[in-house]
Amino acid sequence: MSESRDTSCNIVISNEPLFSRKPIIFNPDFFVEKLRHEKPEVFLELVVSNLTRLIDLPGTEFAQLIGEEEPCLPSNTSSSFFRPFNFLKRKEKGVVFGAPLTEEGIAQVYQLIEYLYKNLHVEGLFRIPGNSMRLQYLKEALNSGVDVDLNSGVFHPNDIATLLKMFLGELPEPLLSHRHYNAHLKIADLMVFDTKGKKTVPDKERQIEALQLLFLLLPLANRNLLKLLLDLLYQTAKQQEKNKMSAYNLALMFAPHILWPRNLVAADIQENITKLNNSTAFLIKHSQKLFRAPAYIRELARLQFTGSKLSMIKDDLDILPAQDCSDLLIMKNAKRTGLHSVSRLKEETQQHTEEALKELFKHVSNMPNSAKKKRLVRQFHKSSATGTPEGFISPKPKKHIRSKSFGGRIKRKVLGGQYMSERKSKNPTPDKVIESHGYPQVGDVENLEQETLGVNRIITIPTKESAM
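No experiment lies behind these values; they were computed from the predicted model shown.

Draft legend 1. Representation of the overall build of the protein in the model. Counting its regular elements, the protein contains 22 helices and two strands. Looking at the protein residue by residue over its 468 residues, the buried ones come to 38%. Once local pairs closer than 6 in sequence are excluded, the contacts in the protein between residues at least 24 apart make up 72%.

Draft legend 2. Just unusual backbone geometry, in detail. You will see that F126, though not glycine, has its phi angle at about 75 degrees, which is positive. Along the polypeptide, F126 turns up in the loop between helix 5 (103–117) and helix 6 (132–143). On the basis of relative accessibility, which here comes to 1%, the residue F126 falls in the buried class.

Draft legend 3. Highlighting the side chain of N277. Inspection of the secondary structure puts N277 in helix 13 (residues 273–285). When near neighbours in sequence (up to four residues on either side) are disregarded, N277 contacts Y248, A251, L252 and A255.

Draft legend 4. Region of the structure containing the environment of S132. Note that S132 resides in helix 6. Exposure remark for S132: the relative accessible area of 54% places this residue in the exposed category. Here the alpha-carbon distance between S132 and L163, two residues 31 residues apart in the chain, equals 9.9 Å.

Draft legend 5. Spotlight on the pattern of salt bridges. Summed over all chains, the structure comprises 11 salt bridges. Residue K139 is joined to E170 by a salt bridge in which the shortest nitrogen-to-oxygen separation is 3.0 Å. Residue K139 is located in helix 6, and its partner E170 is located in the loop between helix 7 (157–169) and helix 8 (181–188); the two are separated by 31 residues in the primary sequence. R302 is paired through a salt bridge with E299; the nearest N and O atoms lie 2.5 Å apart. With a gap of three residues between them, R302 and E299 both fall in helix 14 (residues 295–306), about one helical turn apart. For R302, a relative accessible area of 22% translates into the label partly exposed.

Draft legend 6. Examining the environment of K374 more closely. Following the sequence through the fold, K374 ends up in helix 17 (residues 371–383). K374 gets classed as partly exposed once you look at its relative accessible area, which sits at 45%. Along the backbone, K374 and V364 are 10 residues apart, and their C-alpha atoms lie at a distance of 9.3 Å.

Draft legend 7. Seen up close, the pairing of strand 2 (residues 199–202). The pairing of strand 1 (residues 191–193) with strand 2 spans two bridges and is antiparallel. Bridge assignment links M191 to a residue of strand 2, and that residue is P202. Between the antiparallel neighbours strand 1 and strand 2 lie five residues, among them G197 with a positive phi of about 85 degrees.

Draft legend 8. Expanded view of the packing of helix 5 against helix 7. Look at helix 5 against helix 7: their axes get within 10 Å of each other, and the N-to-C directions meet at 140 degrees. The angle between the axes of helix 5 and helix 7 places the two elements in the oblique class. For helix 5 against helix 7, the interelement crossing comes out left-handed. Facing V109, L112, I113, Y115 and L116 of helix 5, the residues of helix 7 in contact are P157, I160, A161, L163, L164 and F167. Residue composition of the contact of helix 5 with helix 7, by class: 11 nonpolar, no polar and no charged.

Draft legend 9. Highlighting the layout of surface pockets. In this structure, the second largest pocket encloses a volume near 330 Å³. As for the second largest pocket, its lining consists of 17 residues, and the residues nearest its centre are P202, Q207, N278, S279 and F282. Elements supplying a minimum of two residues to the lining of the second largest pocket: helix 8, helix 9 (204–216) and helix 13. Looking at the lining of the second largest pocket, the element that brings in the most residues is helix 13, giving eight residues. A per-class count over the lining of the second largest pocket returns eight nonpolar, six polar and three charged.

Draft legend 10. Summary view of the packing of helix 2 (residues 40–54) against helix 14. Where helix 2 meets helix 14, the closest approach of the two axes is 11 Å, and the angle between their N-to-C directions is 150 degrees. Taken together, the axes of helix 2 and helix 14 lie roughly antiparallel to each other. Seen along the crossing, helix 2 lies across helix 14 with a hand that is right-handed. In this structure, helix 2 uses V42, L46, N50 and R53 to contact helix 14, whose residues at the interface are Y296, I297, L300, A301 and Q304.

Draft legend 11. How the structure looks around helix 13. The terminal C-alpha atoms of helix 13, which comprises 13 residues, lie 19 Å apart, in line with the 18 Å expected from a rise of 1.5 Å per residue. Along helix 13, the positions that sit buried rather than exposed are I273, L276, N277, S279, T280, A281, F282, L283 and I284. In the core, the buried residues of helix 13 are packed alongside helix 8, helix 9, helix 10 (220–238) and helix 12 (247–258).

Draft legend 12. Representation of the packing of aromatic side chains in the model. In the structure shown here, the tally under the stated rule is six aromatic pairs. If you follow K227 out to its NZ or CZ, it ends over the ring of F291, 5.9 Å from the centre.

Draft legend 13. Here's a closer look at the nonpolar core. Judged by nonpolar contacts, the single largest core of 85 residues is most densely connected at L116, F126, F167, F215 and L226. Top element by residues in this core is helix 10. It accounts for eight residues. Leave out the neighbours within four places in its chain, and L226 touches L175, L176, F215, L218, I258 and F291. The next biggest cluster of nonpolar side chains, apart from the first, holds five residues, and it includes V364, M367, L376 and V377.

The rules behind the values
Residues numbered from 1 in each chain as written. Predicted model: local features only at pLDDT ≥ 70, side-chain atom pairs only at ≥ 80, totals over all residues. Heavy atoms only, no water. Helix = DSSP H or I, 4+ residues; strand = E, 2+ residues; numbered from the N terminus. Buried < 20%, exposed > 50% of the residue type's maximum accessible area, 1.4 Å probe, protein only. Contact = heavy atoms within 4.5 Å. Salt bridge = Lys/Arg side-chain N within 4 Å of Asp/Glu carboxyl O. Pairing = 2+ DSSP bridges. Axes fitted to C-alpha atoms, helices over the stretch in contact; angles between N-to-C directions. Parallel < 35°, antiparallel > 145°, perpendicular 65-115°, else oblique. Left-handed = near helix turned anticlockwise from the far one by under 90°. Nonpolar A, V, L, I, M, F, W, Y, C, P; charged D, E, K, R; others polar. 1 Å grid on protein atoms, 1.4 Å probe; cavity = no way out; pocket = protein on both sides within 12 Å on 5 of 7 lines; lining within 4 Å. Points joined across faces, edges and corners; volume = space filled by probe spheres on them. Expected span 1.5 Å × (residues − 1). Phe/Tyr/Trp six-rings, centres within 6.5 Å; stacked < 30°, edge-to-face > 60°. Lys NZ or Arg CZ within 6 Å of the ring centre and 35° of its normal. Core = buried A, V, L, I, M, F, W, Y, C linked by side-chain atoms within 4.5 Å.

Right, here's the structure in full:
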């Protein structure tokens, strides 16, 4: 027999709760992002088909938007041929300024945005330039990946604001990308027409909807930085009484970095410069609405995983079959008629009642033969509007010869019709028991439940009054 060995056991006692859960954050665009990553082609078709419903893009502009063609940009520098190779060489050194936008670059720039949030009250922010010596030092520090203590008191908020504009201005393409340039010009032309077909005012709702769709097509790095930037400018414009920088003033500072194509000067886009500035101001004013997917896009994206597999546009939701978007159609019909929920509630109530009656009758049928069982069956037939539930055959009660007592014959002889009417009143007809909808009365159902308590079973039957 083997010797027993001592076994040691270490017990760790923790004061932390066993199931400590973090708060769950609901993302309304969950299915949209899921569709973007898992089915990029379907995602592109879904967004572009709805975007072209709002704006008209000719063949070349449409091909540029979806990436089939590269945008043709003028080149006014003799060294433009070597520019891409210089970018690749500098990118290997970890350069932030002048390199294509990456998440690492956004992380470096975010400390500038975080600092500016604490200094939104400074007058002339983003308009007054910073000190050139401090700007050069900050630029080299960010390029080398060094974390700079911006709160040390050495730097002025104007230095940080100018450095942020320098970073955006040195990107290889504007933050909204070259491919989207023509689409933004078309969105700016969306107007409301009067009865005579003349343009009156900008159609803000359609512009916001089109921008929401267009932002879904941006690269994720561009979209993330754009949201950070527009949120900062939105908060800056809210304090314009202190900093004297309105949304339009900020648009004048940032339109060349956000929207203007590279290698272009103001003279090249003179006819569109006012439109571009107004578009940038519109982005700042409505920035809190532009980074959500439209409601119908969220619904159509959800249907890609839970219902229909076809890519659709907004108008298709009105003709979808019920099994594909039953919830959405129920909501629409309820809003239009106001009666759908009531009829649906009645149908559900009737269905539950019929099922409960079937179960109750089955239980009564399985009871041993007795006078109590016969009484319950008779009461069930009197209370049920539809008779015996389907699938169950009630036992036929044996006919018995009613004894004709001498007293009964005397009452019928002497009292006649009065005696018969009193007997009818004591035994109510089914018309008095059953309502127009065919449901048993509350009292009748309660009597059935009380009678069946003797076999330790209670079955609850929903009635009209409880359902309402």
